[in-house]
Amino acid sequence: MIRRTLLVAALSALAAPAQAQTYPTRIVTIVVPFAAGGPTDAVARLISEAMAKDLGQTVVVENAGGAGGTIGADRVAKARPDGYTILLHHIGMATIPTLYRRLPYDPVNAFAPIGLVTPVPMTVIARKDHPAASFTDLIAWIRATKENVNLGNAGLGAASQLCGTLLQYLLQTPMTAVPFRGTGPAMTELLGGRIDLMCDQTTNTTEQIRAGAVKVYAVTVPERLAALPDVPTTAEVGMPDLAVTIWHGLYAPRNTPEAVIARLSRALQAALKDEKVIGRFAELGTMPEPAERATPEAHRAHWMAEIAKWRPVLQAANQYAD
Ligand code: ASP
């Protein structure tokens, strides 16, 4: 009995460092806090495949949409900190701490950043049969239609909600927000003409724009996009303050071992150099973050700067946030 105990102790002493070295030994799950078929999901599915190659393990994507991304974030905040359940989230990680007074998790301290993934532009789009021929027309129509405008979004804390809030604030005109579990399902409604407008990432809109299935009025970044060269920037159409880039990052639960975070960060960096990822991102109007930004340190610095950047804006625009 004593000999057996000693043997077990000796084996577990050996196993501890070996385990950290061999992580991952089983499937890694990336939780996407929005519905399948949307832009965050698209990014997750691309990088999961490429990260799996580097990690030598299967990486699966699990969609846990709802409540502006807070349901999925909560799931990861409460997961075992062992590197097998991680989160892909976006700019919402920087707006949710201001937008929500109470949450079932700590929106900052519950997470350990792994690295930034991709900065995605947004597009202002409308149903295909929308009467506005230009951004100027669209603004006149919004001003005339007000609360009767149905503006799709993915809930309080979503990127689409941030962009929609900015648009209402800059026009000082309230519209009616229609929330979905993600902008994948919202796009289905826009394609069916059941909602009027949406501001959403190019990772969800580029193909629909190119196919002529939705109308597009502007991109929310300072330069035109190679993927959508005919679409003017919001600065060109006279609304430079409608400027928003949806950065994405990977997070582990707080207290995940540093060696595991470092391994995930290396896998992310490898994924961002993958030809298929680079090519698909370019088709969808975005690009991978450079390796030096796909690190825990750069990610944390950007995240904190974004919380500070958006807090006063959201406080000023508060009446339009829903
Ligand atoms: N892009 C969406 C948003 O935050 C969410 C999603 O990926 O469906 O508005």
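Coordinates for the structure precede this section.
Residues numbered from 1 in each chain as written. Predicted model: local features only at pLDDT ≥ 70, side-chain atom pairs only at ≥ 80, totals over all residues. Heavy atoms only, no water.

Quick notes on the packing of aromatic side chains
Within the structure shown, the criterion is met by five aromatic pairs. Ring plane angle 70° and centroid distance 6.0 Å describe the contact between Phe111 and Tyr251, whose orientation is recorded as edge-to-face. Note that Phe111 is positioned in strand 4 (residues 111-127) and Tyr251 in strand 9 (residues 245-253), a separation of 140 residues in sequence. An aromatic cluster of at least three residues, connected via ring pairs, comprises Tyr105, Phe111, Tyr251 and Trp303. The aromatic ring of Tyr84 is capped on one face by Arg26, whose charged end is 3.9 Å from the ring centroid. (Phe/Tyr/Trp six-rings, centres within 6.5 Å; stacked < 30°, edge-to-face > 60°. Helix = DSSP H or I, 4+ residues; strand = E, 2+ residues; numbered from the N terminus. Lys NZ or Arg CZ within 6 Å of the ring centre and 35° of its normal.)

Topic: helix 10 (residues 275-283)
Two or three places before Lys276, at the start of helix 10, stands the capping residue Asp274, its side-chain oxygen 2.9 Å from that residue's backbone nitrogen. Taken from the residues just after helix 10, Gly285 is the one with a positive phi, measuring 80°. (Polar contact = N/O pair within 3.5 Å; in protein donor to acceptor, adjacent residues only side chain to side chain.)

Remarks on the pattern of salt bridges
Taken as a whole and assessed by the stated rule, the structure comprises 15 salt bridges. As a salt-bridge pair, Glu62 and Arg75 come within 2.7 Å of each other at their nearest N and O atoms. Of this pair, Glu62 sits in strand 2 (residues 59-63) while Arg75 sits in helix 3 (residues 70-77), and the two are 13 residues apart along the sequence. The closest approach of N and O atoms between Asp82 and Arg80, which form a salt bridge, is 3.8 Å. Its relative accessible area of 64% is what places Arg80 among the exposed residues. (Salt bridge = Lys/Arg side-chain N within 4 Å of Asp/Glu carboxyl O. Buried < 20%, exposed > 50% of the residue type's maximum accessible area, 1.4 Å probe, protein only.)

Digging into the nonpolar core
Phe111, Leu197, Val244 and Trp303 are the most contacted members of the largest nonpolar core, which has 49 residues in total. No other element matches the six residues that helix 6 (residues 159-171) contributes to this core. Residues contacting Trp303, with those up to four places away along its chain left out, are Met93, Ala94, Pro107, Val108, Phe111, Pro113, Trp247 and Tyr251. Judged by nonpolar contacts, the second largest core, of 35 residues, contains Val32, Leu250, Ala267 and Val277. (Core = buried A, V, L, I, M, F, W, Y, C linked by side-chain atoms within 4.5 Å. Contact = heavy atoms within 4.5 Å.)

Observations concerning the packing of helix 4 (residues 92-99) against helix 11 (residues 296-316)
At a closest axis distance of 8 Å, the pairing of helix 4 and helix 11 adopts a crossing angle of 45°. For the element pair helix 4 / helix 11, the angle class is oblique. Crossing handedness for the pair helix 4 and helix 11: right-handed. Contact residues: Met93, Ala94, Thr95, Pro97, Thr98 and Leu99 in helix 4; Trp303, Glu306, Ile307, Trp310, Arg311, Leu314 and Gln315 in helix 11. Among the residues making up the contact of helix 4 with helix 11, the classes are represented as eight nonpolar, three polar and two charged. (Axes fitted to C-alpha atoms, helices over the stretch in contact; angles between N-to-C directions. Parallel < 35°, antiparallel > 145°, perpendicular 65-115°, else oblique. Left-handed = near helix turned anticlockwise from the far one by under 90°. Nonpolar A, V, L, I, M, F, W, Y, C, P; charged D, E, K, R; others polar.)

Quick notes on the packing of helix 6 against helix 11
One can describe the packing of helix 6 onto helix 11 by two numbers: an axis separation of 10 Å at closest approach and a directional angle of 50°. Between helix 6 and helix 11, the angle is such that the two are oblique. Crossing of helix 6 over helix 11 shows left-handed handedness. Contacts from Leu162, Leu166 and Tyr169 of helix 6 reach helix 11 at Trp310, Val313, Leu314 and Ala316. Considering only residue class, the contact of helix 6 with helix 11 consists of seven nonpolar, no polar and no charged.

With respect to the site of the ligand
As a structural note, the neighbourhood of the ligand is formed by Phe34, Pro39, Thr40, His90, Ala154, Ala158, Ala159, Ser160, Gly182, Thr183, Asp200 and Gln201. At 2.6 Å from an oxygen atom of the ligand is found a side-chain nitrogen or oxygen belonging to His90. At 2.8 Å from an oxygen atom of the ligand is found a main-chain nitrogen or oxygen belonging to Thr183. Burial of the ligand by the surrounding chains reaches 100%, relative to a free accessible area of 270 Å². Elements that contribute at least two residues to the shell around the ligand include exactly helix 2 (39-55), helix 6 and strand 7 (197-201). In the shell around the ligand, the residues fall into five nonpolar, six polar and one charged. (Near = heavy atom within 4 Å. Areas by Shrake-Rupley, 256 points an atom, 1.4 Å probe, with all protein chains shown as cover.)

Description of the side chain of Thr123
Of note, Thr123 is situated in strand 4. A relative accessible area of 0% places Thr123 in the buried class. Separated by 2.8 Å, the side chains of Thr123 and Thr205 make a polar contact. The contact partners of Thr123, leaving out residues within four places of it in the chain, are Met198, Cys199, Asp200, Thr202, Thr205, Ile209, Val216, Ala218, Val219 and Leu228.

In short, shape yes, function no, at least from these values alone.
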